[in-house]
Amino acid sequence: MTTASLGRIASHISPLVGIAVLLAVCWGVYGRTLDYELIFDDVASIEKNESIRRLFPLFGTNGGLMPSPGTPLEVRPAVNLTFAVNYRFGGTTPAGYRLVNIAVHVTAALAAWLIVAATVRSPVFAGRFTDRAGAMGFAAALVWMVHPVHEETIVYLTQRTDLQMGFFYLLTLLAAIGFWRCRRWSSKAIMAAIATCTGTGGMLSKEMMASIPAVVALYEWTFVGGSPATILRRSWPLYLGLLFSSLPLALLYANGKGTPLAGFNNTISAHDFWLTQCGSFFVYWRLLFWPIPLLVHYHVPTLHSLGAAWPGVIGLAAYLAVAAVAVWYRRPLGFALASFFLVLSPTLIVPLPHEEIAERRMYVASLAVLPLVTITVMEAVRVLAARVLGARTPGRHRLAAAGSWLPTVAVTVASVGLVVATVPRLATKSGLWDHVLAHQPDDALALAFAGWQDCEDGAAEAGIDKVMRAWRMNSGTRFVPNVVIAVLDRTQRYPQMLAVCRTHHRLHPRLPAAVQSLAVALEKNGRFLEAIDTYREVIRLKPDAWDAHSALATLLAENGSIAESIEHFEIATDLHPDFMNCMNLFSLYRDTNQVAAALAIAPQLMEAAREELSADEAEPILGEIARYEARCRPMDHDDSPSTGGAAERHGDRGRKGR
C-alpha cells in the first residue's frame, strides 16, 4: 500500500466503511452475550414486570407506558415501552433484548461520530482539523464504543435505562448542533422540535438526562460562541424546548413516583452521601483510563466527617476550579471537565444507598472526555511523526497522518481484548456475585445476593450462612435486610425471619417496608392479631400500599371481620386490580349476597383472569363467573336487601374498567 493510499484512509473514512467497521467490532465483542442469563434486577424488570406483557393500551393499569410500581422502571416509561416491544416478539428470552441493546449502542456511536466531526470543524479549532474531521470523529466513536466500562450497560438488560438515555442524549446534542447551523427560522424550529422530542425520550428513560440543558448551553458557549445575551437571543427556542422536555418527568415525581430507594428521606443522610461522593467521583476518572476491575456493585464505605473525606473534598473543589477557569476561557478542556461532572451530577447529589458508584453512569460521561483525549493523542503523534520523518513532501505528511492512527488501533485492540476477557462475569447470576466477592470480600450486599443465589440453586444452608453473615456486617441499611428477610422467608426459617424483622423495624420504625416485613413475619409465625395491628400501621404510614391492604383484608376475613375485609379489598383492587384481589373481592361479595357489587367487579375479574392465568386455569373460573351472572342478571338488584353503600360505590368503579 502506498503512502498516498494510507494518507487517504487516515484523513477520510467512508461512511459506509465506517458503519460496517462499527457494526463488525460491536458484534464481535458483544454478539457472544446474547444467551447470557437475566441477572439481578432483570428479574423484576422483565420476568416479573406485568406492564410489559402487552403493548396497548399505552396508558392505564399495566399499559406499556405505565411501568409496574416498585420496579427500576417506575419513572422510566420509555424503557418500559421498548421492553414491551421486545416481550411482544420474544417473551423473556434475553437474546432479543440484547440484540436491541447492541443496535442502539452502534447507533449511539454513529451519533457520536457526527457530533465529534461537527465539533472539530467549529471555529474554536480554526480550521486545523477540517480535512480530517470525519476520520477524527470515527476514531473517537470507535474508542468510546469499545470501552470496557460499557459492558454492564449493554449486557445487563435493566441498564437499558442508561443506554437509551445516552442514545437520546446524543441525539439531542446533535439536534442542537443542527439548530445552530440552520439559517432559516423554519429549519431552526424543526430542529428545536426534534431536540424537544429526543429530550423528552431521554427524560423518560433515566433521570440523568436532567443535565442536558446545561451541557447544551456549555457546548454553545465553548464551540459556537457569543455572549450570554447573544446565546439567549439566538437559541431561546431550543432551551425552551429542552425545558418542556423535563415536564413529563416532573409530573411523574409530582404524582409520587420515583426511583426505588433514591431520595433525601433515606437511611444515608445527604451530608454523608455528599462527603462520600467527593472521593467516589475520582473513581470514575480511574475507570476511564484503568477499567480494572469492573464490578456490578462497588463497596464504598460511607464517610461521616470532613476529617475522613477531606482528600476527596479538596480534590473535587480543585477540579471544579480548574474546570470553571477553562470554561470561562472557552477551552475544549473546560467543556470536557465540566460536562463529565454535569452528566454525573444527578447521581452525585441525590442520595442512593448502595450505589455510590456505578459503571453504567459513565455511558454519556465518558463521551465528554474520550474524544478530546483521542484527538489530542492523534494530533500529538501526527506532529511527532512529521518531525521524525522530516515531512517536507505530501507523501510523508500522509504517512505521518497514517501513523497517528496507531494509538487508536492499539487502544481499540486492548479494549476489545479486555471486554472479551471480562464480560463473562455477567453471564450468570451466581458468577456475577462471585466475581464481586473475589475483589470485595467485605461487600455485604454482594454477599447477601450470593446467598440468595445459593438458595435459588438448591444450596440452602450455604445461602443462609452467607445472608446471615451479610446481616451481621450491615444490618443498619435498607437493602441488605430486605435480601436477608426474603431468603429466610423462602427457606421457611420463620423464627429467624421474625428476629431479623424486629431488629430492622427497631432501626427504622417509620420505614413502611420495614413495618410490612415485620407484619409478614408475624403472620408467618402465626401471630395473627399482632400482624393485623402491624398491617394497619403500614397503611397509616403508606395509604397506597395495596399489598398491605390485601394482606390485612385476608387476615380480617379469616378472623370474621367480613365488612372491614371487604373495605380493604376494595382499596387494594382500586390500587392494583390483579387477579387475586379481584377474585377475593368477587368471592366476598358473592358470599355476602351483594349481587350488584359482584356483577360490577365480574368484568374486571374476567379480564384479569385472561391476562394472568393460562387458558386451562382461566376457563373454569370464567365459566363459574358466567354461570353466576346468568343466575343473577334477571334479578331486580335495586330490591336486594344486601346491596348498597360500599357495593354501589364499587359498582361505579367496576363500570370504569381497568
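The structure under discussion appears in the preceding block.
Report follows, based on the coordinates.

A few words on the packing of helix α21 (residues 460-473) against helix α22 (residues 479-490). At a minimum axis distance of 9 Å, the contact between α21 and α22 shows a crossing angle of 150°. On the basis of their axis angle, the class for α21 and α22 is roughly antiparallel. For α21 against α22, the interelement crossing comes out left-handed. Residue-level contacts link Ile464, Val467, Met468, Ala470 and Trp471 of α21 to Val480, Pro481, Val484, Val487 and Leu488 of α22. In the contact of α21 with α22, the residues fall into 10 nonpolar, no polar and no charged.

Over its 14 residues, α21 extends 20 Å from the first C-alpha to the last, a length consistent with the 20 Å expected when each residue adds 1.5 Å. For α21, every residue scored as buried is listed here: Gly463, Ile464, Lys466, Val467, Met468, Ala470 and Trp471. Tucked into the core, α21 has its buried residues touching α20 (444-456), α22 and α23 (494-507).

The next point concerns the packing of aromatic side chains. Inspection of every chain in the model, using the stated rule, returns 26 aromatic pairs. Ring centres of phenylalanine 223 and phenylalanine 335 lie 5.3 Å apart, and the angle between their planes is 70°; on these two criteria the pair is classed as edge-to-face. In this pair, phenylalanine 223 sits in helix α10 (residues 212-224) while phenylalanine 335 sits in helix α15 (residues 332-349), placing the two residues 112 residues apart along the sequence. Accessibility assignment for this pair places phenylalanine 223 and phenylalanine 335 in one class, buried. Each residue in the set Phe281, Phe282, Trp285, Phe289, Tyr319, Phe340 and Phe341 is aromatic and connected to the rest through ring pairs, giving one cluster. The residue whose ring lies beneath lysine 188 is phenylalanine 179, and the NZ or CZ to ring-centre distance is 4.5 Å. Arginine 490 extends its terminal NZ or CZ atom over the ring of tryptophan 452, reaching a point 5.9 Å from the ring centre.

Turning next to the nonpolar core. Judged by nonpolar contacts, the single largest core of 150 residues is most densely connected at Tyr30, Trp144, Trp180, Val216, Phe281 and Phe340. Here this core gets 13 residues from one element, more than from any other, and that element is helix α5 (residues 94-120). Each residue touching phenylalanine 281, except ones within four places of it in the same chain, is listed here: Leu316, Tyr319, Phe340, Phe341, Leu344 and Leu348. Cys582, Ala598, Leu605 and Ala609 belong to the second largest nonpolar core, which has 26 residues in total.

On the surface, Trp185, Leu232, Trp236, Leu240, Leu243, Phe244 and Leu247 cluster together into a nonpolar patch covering about 760 Å² of accessible area. Here tryptophan 236 lies in helix α11 (residues 228-245).

The rules behind each value
- What you see as residue numbers is a count from 1 along each chain, following the sequence as written.
- pLDDT decides what is reported in this predicted model: residues at 70 or higher carry local features, side-chain atom pairs at 80 or more are listed and counted, and totals for whole chains, interfaces and linings draw on all residues regardless.
- The side-chain figures draw on all heavy atoms in the structure; neither hydrogens nor water molecules are used.
- For helices, the fitted axis covers only the stretch in contact; all axes are lines through C-alpha atoms, and the angles between them, taken along N-to-C directions, range from 0 to 180 degrees.
- Runs of E in the DSSP output that reach at least two residues are strands. Runs of H or I that reach at least four are helices, and both are numbered from the N terminus.
- Reported orientations rely on four angle classes, namely roughly parallel under 35 degrees, roughly antiparallel over 145, roughly perpendicular from 65 to 115, and oblique for the rest.
- Note on convention: the crossing is left-handed when the near helix lies turned anticlockwise from the far helix by less than a right angle, right-handed when the turn is clockwise.
- Contacts are residue-level and defined by heavy atoms, with any inter-residue pair within 4.5 Å sufficient.
- Charged means Asp, Glu, Lys or Arg here, nonpolar means Ala, Val, Leu, Ile, Met, Phe, Trp, Tyr, Cys or Pro, and polar covers whatever is left, Gly included.
- Residue count minus one, scaled by 1.5 Å, sets the expected span of a helix.
- Remark: exposure states derive from per-residue accessible area (1.4 Å probe, protein chains only) relative to the maximum for the residue type, with buried under 20%, exposed over 50%, and partly exposed in between.
- Only the six-membered ring of Trp is used, alongside the rings of Phe and Tyr, when aromatic pairs are assigned; centres must lie within 6.5 Å, and planes under 30 degrees apart are stacked while those over 60 apart are edge-to-face, with the rest tilted.
- Working rule: Lys NZ or Arg CZ, within 6 Å of ring centre, within 35 degrees of ring normal, means a charge sits over the ring.
- Among the buried residues, those of types Ala, Val, Leu, Ile, Met, Phe, Trp, Tyr and Cys that are joined through side-chain atoms within 4.5 Å form a nonpolar core.
- Only residues whose relative accessible area exceeds 30% and that take part in no salt bridge are eligible for patches, with like-charged residues grouped when within 9 Å of each other and nonpolar side chains (Val, Leu, Ile, Met, Phe, Trp, Tyr) grouped when within 5 Å.
- Computed with a 1.4 Å probe, the accessible areas rest on the Shrake-Rupley method; for each residue, only the protein chains presented here act as cover.
- Whenever a carboxyl oxygen of Asp or Glu lies within 4 Å of a side-chain nitrogen of Lys or Arg, that contact is scored as a salt bridge.

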